[in-house]
Amino acid sequence: MDDELRRGFYRQMVRIRTYEEAIRADYHADKTPAWDIGAGLIPGEMHLSAGQEPVAVGLCAHLTADDGLTAPHRPHHLALAKGVDMRKMTAEIYGRETGLSHGKGGHMHLFDPSQHFSCSGIIAEGIPVAVGQALAFHRRGTTNIAVAVAGEGAANQGAFHESLNLASLWKLPVVFVIEDNDWAISVARTASTSVPSNATRAAAYGVAGERVEGNDVEAVYQAAGRAVARARAGEGPTLLEVHTVRLWGHFEGDAQAYRGDELAVAESHDPIPAYEAKLRADGVLDDATVEAVRAEAATEVADAIAFAKSSPEPSPASAYQHVFV
Amino acid sequence: MSVEITFPALGKDPDQQGVVATWLVRDGEPVTAGQVIAEVAVDKVSVDVEAPAAGTVRLLVPEEGVATPGTVIARIE
Amino acid sequence: MTVTDQPAAASATRRLTTAKAISEAIAQEMERDPDVFVMGEDVAAYGGIFGSTTGLLDQFGPTRIIDTPISETGFIGAGIGAAVEGMRPVVELMFVDFFGVCMDQIYNHMAKIHYESGGHVTVPMVLMTAVGGGYSDGAQHSQCLWGTFAHLPGLKVVVPSNPYDAKGLMTAAIRDDNPVLYMFHKGVMGLPWMAKNPRSIGPVPAESYEVPIGKAAVARPGRDVTVVSLSLSLQHCLDVADELVGEGLEAEVIDLRSVVPLDRGAILESVGRTGKIVVVDEDYRSFGLSGEIAATIAESDPGLLRAPFTRVAYPDVPVPYARPLEYEVLPTHRRIREAIVSVAGR
């Protein structure tokens, strides 16, 4: 694999992690010690993607701005890897006028039409929407594809099954990506899913299925490449499941007592230091490059947050706008 | 003879501040041994605090008041 | 009309949060009746995302407190099936906003089986769910929606505003042979991680008791204006009513407690005395609960009102995320106060 490509993967993953760490810090900063979920700079729920960077990065390397992507309630890594503008996304998370939705959507409802990107807080409900985007692309005769990303918990929701059947039946250019991070809030995959791998469910719908182990960005890249190529060639959908890791809680503030000893094990499998070590061993990264990557990420993230914080809040009267066109 | 009730250690960090999120009794009320008198929290982890003995409870920290593990938050007289 | 069922202080010095009152009711019914069990997402080890089942797994174990996959149609349907076979499931829909993925099971099956069977089949099931906003959870996690469910015949809808009613209504709901939708506002649960009104903690008898479904309560008697509300808004109405006493205004605050059956008699009796009404409803304004109350008065005797029917409701917009936007549209203290003062002055 090309060195520059691999450095690019590392850079993007560091960019995402730097972002999530900064959001996490600001999210908590003004909520302790008397925790109030509705208080502070970033109120409400927050679902961060630390550990799942390889999925977003390996996948989005194959996507253009014109390809569609629907993401779940844990969307930041996917939005950033897809190419959503970091400043506008951040302003939305901070509830500002300059945000993607002028403060109406918040962190679970990020919409960027220029990237054909959206996310939803209802489990699995972005999957049929991606199928619809694929339907439009197909009818228009383009080579654009749509990707639906959801968690392993979502694979037990009706919308998942209907979507696979429909996309297969109509041979639509869609890729279904399942991020299996082993946990649906507090429920382990073994307690929710009747089969060891969702990739095997693909057979039930006549689509190609593949599971990637090891949470490795390059393995995701290879598998996603196959799926994306299949879709662009008009050969129909793929169900791609990636076994990844949720390093932090389901939401910020989740004490994760239910994970027991597994949490420490998960934390020892952080994909970014592991990939860095691999690239260093291969001579693709050195101290200077690593430092430069981190500095660049820190600068970009700090700028986006400063933009958000210096942006005005939306006027209360705007609450009544945009119900209808 | 009074019995002190201290803020429990909830997180990994023994110095991490928490709060007495909810007092379930009022100052000066009679309580029984084992009665849940408060809900305390560190971040989103919360636990019930029980009265270790029967008696009259004195509340020493206000509701949503900050405390660290070991702080005396109430007394049973 | 029922004056408040709150117990005498002596028998209820023990105070609980609404969340604990709910889990206590479930626990006591489970002790009494082996056919009662709980199903839902994160109800076991986690104790329910909003604390409704805290402690139950330790007490009853995983065969009676059951974590489900994210399969609402599947497990709500399974609850229905267990209920028609005589069990008494308490099923949790994590957020009412998720009803979209499972509405057929709720309104075409749970609500209609008894009727469609000519009364031969019963569905003694409780579907409990978290509702409400005010903490920036956005359009898909902040709705109330009792109006939507109340509109569809065949299911009872109860909405407690305080710990005492929460326990009594849950007990009544479990014992009721009809399907009951039990809607608890996250803001009344008394959770340690969400800003709370002190009325979310209150005296709750240790013994088992029922609060009758379909009966409103006069939370605060008064003579000047009838204020009808429920859930978290009821707590806000009481706060405002307390303030207004100082200005010589005595509001009568009625806590509906149930939306179906709706205690129309209680509303009419109060309005018959005051001639003035403000309905405070965190559900969407149009085509819902507040309109139903207006219709009830108009159908009974439009002459009852000496001032126009007034409602403080959520406008017909999705719930916005940013705090200034959300607090513009919520039925806040300020809006409630303005409405009551305005109506009282006419």
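Please read all numbers here as calculations on a predicted model, not as lab measurements.

K.L.:
Quick question: what am I supposed to make of the overall build of chain A here?
P.N.:
If you tally the helices and strands in chain A, you get ten helices and nine strands. Projected onto its principal axes, the C-alpha coordinates of chain A cover approximately 55 × 50 × 40 Å. Taking all 325 residues of chain A together, the buried fraction comes to 60%. Restricting the contact set of chain A to residue pairs at least 6 apart, pairs at least 24 apart contribute 73%. When the accessible area of chain A is evaluated, it comes to approximately 12000 Å², of which 54% is carbon and sulfur surface. Side chains of chain A give 28 positive and 43 negative charges; the mean places of these two sets differ by 4 Å.

K.L.:
Can you walk me through the confidence of the model for chain B in this structure?
P.N.:
Here chain B averages 89 in pLDDT, while 100% of its residues score no lower than 70. Interface scoring of the predicted complex returns ipTM 0.92; its pTM is 0.93.

K.L.:
I'm lost on the environment of L304 of chain C in this one. Help?
P.N.:
Residue and element names in this part refer to chain C. The residue L304 is located in the loop between helix 10 (289-300) and strand 14 (310-314) in this model. Along the chain, L304 and T274 lie 30 residues apart, while their C-alpha atoms are 8.7 Å from each other. Contacts of L304, omitting those with residues within four sequence positions, involve L268, V271, G272, G275 and I297.

K.L.:
Help me out: how do you make sense of the pairing of strand 7 (residues 180-185) of chain C in this one?
P.N.:
Along a regular strand, successive side chains alternate from one face of the sheet to the other. All names here are of chain C. The buried count for strand 7 comes to six of six residues, which makes it a mostly enclosed element. The sheet contact formed by strand 6 (residues 156-158) and strand 7 spans three bridges and is parallel. When the sheet's bridge partners are listed, V158 is paired in strand 7 with Y182. In this fold, strand 6 hands off to helix 7 (residues 163-175), which returns the chain to strand 7; that crossover is right-handed.

K.L.:
When you look at the interface of chain C and chain A in this model, what are you seeing that I'm missing?
P.N.:
It is common to report an interface's size as the accessible area lost on association of the parts. Tallying the contact residues gives 38 residues for chain C and 45 residues for chain A. Between chain C and chain A the total buried area reaches about 3200 Å² when both faces are included, carbon and sulfur atoms providing 61% of it. Of all residues in chain C, the largest losses of buried area upon contact with chain A belong to I70, Y321 and L325 of chain C, amounting jointly to 22% of the total for that side. Between chain C and chain A we count zero salt bridges in total. Across the contact surface, chain C and chain A share 17 residue pairs in polar contact (both at pLDDT 80 or more). Of all the elements in the fold, those that place two or more residues in the side of chain C that touches chain A are strand 4 (88-95) and helix 11 (323-329) of chain C. Of the residues forming the side of chain C that touches chain A, the biggest block, five residues, is contributed by helix 11 of chain C. Here the side of chain C that touches chain A is built from residues that sort into 25 nonpolar, five polar and eight charged.

K.L.:
Is there a simple way to think about the pattern of salt bridges in this case?
P.N.:
Pairs can form between side chains of opposite charge once their charged atoms are near each other. All names here are of chain A. Tallying each qualifying case throughout the model produces 49 salt bridges over all chains. In this structure, D282 engages R6 in a salt bridge whose closest nitrogen and oxygen atoms are separated by 2.9 Å. Taken together, the positions of D282 in the loop between helix 9 (271-281) and helix 10 (287-310) and R6 in helix 1 (residues 3-29) put the pair 276 residues apart, joining distant regions of the chain. By relative accessible area, which is 45% here, D282 ends up partly exposed. D287 is paired through a salt bridge with R280; the nearest N and O atoms lie 2.7 Å apart. Within this structure, D180, D182, R189, R211, E213 and E241 form a network of salt bridges that share partners.

K.L.:
What's the story with the sheet that holds strand 5 (residues 126-131) of chain C in this structure? I'm lost.
P.N.:
The strands that make up a sheet are held in pairs by hydrogen bonds between backbone atoms, and each pair lies either parallel or antiparallel. All names here are of chain C. Read from one edge of the open sheet, seven strands run 3-2-4-5-7-6-12, paired in mixed fashion. Looking at the sheet topology across the chains shown, the edges are occupied by strand 3 (65-67) and strand 12 (258-260). Taken pair by pair, the neighbouring strands of this sheet meet at an average axis angle of 20°, ignoring direction. The pairing of strand 4 with strand 5 spans five bridges and is classified as parallel. Pairing of L93 across the sheet is with T129, part of strand 5.

K.L.:
Looking at this structure, how should I read the packing of aromatic side chains?
P.N.:
We describe a pair of aromatic rings using the distance from one ring centre to the other and the angle between the two ring planes. In the structure shown here, the tally under the stated rule is eleven aromatic pairs over all chains. Considering the side-chain rings of F95 of chain C and F98 of chain C, the 5.1 Å spacing of their centres and the 35° angle between planes classify their relative orientation as tilted. Overall, F98 of chain C belongs to the buried group, its relative accessible area being 9%. The ring of W248 of chain A is capped by R24 of chain A, whose NZ or CZ atom sits 3.9 Å from the centre of that ring. The ring of Y27 of chain A has K31 of chain A lying over it, and the distance from NZ or CZ to the ring centre is 3.7 Å.

K.L.:
Explain the nonpolar core to me, please; I cannot follow it from the model alone.
P.N.:
Within soluble globular proteins, side chains that are nonpolar generally end up buried alongside one another. Core analysis: the largest hydrophobic core is formed by 163 residues, its most contacted members being L69 of chain A together with I26, F50, I76, W146, F149 and Y182 of chain C. Here this core takes nine residues from helix 1 of chain A, the largest share from any one element. Beyond its immediate chain neighbours, meaning those up to four positions away, F149 of chain C contacts V96, F99, M103, I106, L155, V157, L181 and M183 of chain C. Grouped together as the second largest cluster of nonpolar side chains are 23 residues, V131, A146, A167 and I178 of chain A included.

K.L.:
It is not clear to me how the interface of chain C and chain B should be interpreted in this structure. Could you clarify?
P.N.:
In this complex, chain C contributes eleven residues to the contact, which on the side of chain B involves 15 residues. By the criterion of area lost to chain B, the three top residues of chain C are R15, K20 and P192 of chain C, representing 51% of everything that side buries. Our count for the contact surface shared by chain C and chain B stands at three salt bridges. A salt bridge links E64 of chain B to K196 of chain C; the shortest N-O distance between them is 3.9 Å. In this assembly, chain C and chain B are joined by five residue pairs in polar contact (both at pLDDT 80 or more).

K.L.:
Whenever I open this one, the pairing of strand 8 (residues 72-76) of chain B confuses me. Can you help?
P.N.:
Residues and elements named next belong to chain B. Direction of pairing for strand 1 (residues 3-6) relative to strand 8: antiparallel, over a ladder of four bridges. In the sheet register, T6 faces strand 8, and the bridge partner there is V72. Of the strand pairs in this sheet, strand 6 (residues 55-59) and strand 8 are connected by three bridges, and their pairing is antiparallel. What sits directly across from R58, in strand 8, is R75.

K.L.:
How should I be thinking about the environment of L191 of chain C in this particular structure?
P.N.:
Residues and elements named next belong to chain C. Among the structural elements, L191 can be located in the loop between strand 7 and strand 8 (201-203). The buried category is assigned to L191, whose relative accessible area is 6%. Once the C-alpha coordinates of L191 and P205 are considered, the two residues, 14 residues apart in sequence, prove to be 20 Å apart. Excluding residues that lie within four positions of it along the chain, L191 makes contacts with A19, F50, K186 and K196.

K.L.:
Where do I start with the packing of helix 9 (residues 264-274) of chain C against helix 10 of chain C in this structure?
P.N.:
Helix packing geometry: the angle between the two helix axes and the distance between the axes. Residues and elements named next belong to chain C. It is the contact of helix 9 with helix 10, at a shortest axis distance of 10 Å, that shows an interaxial angle of 65°. The angle between helix 9 and helix 10 places the two elements in the roughly perpendicular class. With respect to the hand of their crossing, helix 9 and helix 10 are arranged in right-handed fashion. Packed against helix 9, whose contacting residues are R264, I267, L268 and V271, the element helix 10 presents E292, I293, T296, I297 and S300 at the interface.

K.L.:
Even after reading the chapter, I still don't get the sheet that holds strand 8 (residues 208-212) of chain A, so can you show me in this structure?
P.N.:
Residues and elements named next belong to chain A. Strand order in the open sheet made by the seven strands is 2-3-1-4-5-9-8, with mixed pairing throughout. The open sheet has two free edges, formed respectively by strand 2 (111-112) and strand 8, since each of these has just one partner strand. The sheet contact formed by strand 8 and strand 9 (residues 238-243) spans five bridges and is parallel. By the bridge assignment for strand 9, V212 is matched with V242. Each of strand 5 (174-180), strand 8 and strand 9 touches helix 7 (residues 217-232); the most contacted strand, strand 8, lies at about 165° to it.

Calculation criteria
Residues numbered from 1 in each chain as written. Chains lettered and ligands numbered in written order. Predicted model: local features only at pLDDT ≥ 70, side-chain atom pairs only at ≥ 80, totals over all residues. Heavy atoms only, no water. Helix = DSSP H or I, 4+ residues; strand = E, 2+ residues; numbered from the N terminus. Buried < 20%, exposed > 50% of the residue type's maximum accessible area, 1.4 Å probe, protein only. Contact = heavy atoms within 4.5 Å. Areas by Shrake-Rupley, 256 points an atom, 1.4 Å probe, with all protein chains shown as cover. Lys, Arg positive; Asp, Glu negative; His and termini not counted. Charge placed at Lys NZ, Arg CZ, Asp CG, Glu CD. pLDDT = per-residue confidence, 0-100. Pairing = 2+ DSSP bridges. Right-handed = clockwise from strand over helix to strand, strands pointing away. Buried area = accessible area lost by both parts, 1.4 Å probe. Salt bridge = Lys/Arg side-chain N within 4 Å of Asp/Glu carboxyl O. Polar contact = N/O pair within 3.5 Å; in protein donor to acceptor, adjacent residues only side chain to side chain. Nonpolar A, V, L, I, M, F, W, Y, C, P; charged D, E, K, R; others polar. Axes fitted to C-alpha atoms, helices over the stretch in contact; angles between N-to-C directions. Phe/Tyr/Trp six-rings, centres within 6.5 Å; stacked < 30°, edge-to-face > 60°. Lys NZ or Arg CZ within 6 Å of the ring centre and 35° of its normal. Core = buried A, V, L, I, M, F, W, Y, C linked by side-chain atoms within 4.5 Å. Parallel < 35°, antiparallel > 145°, perpendicular 65-115°, else oblique. Left-handed = near helix turned anticlockwise from the far one by under 90°.

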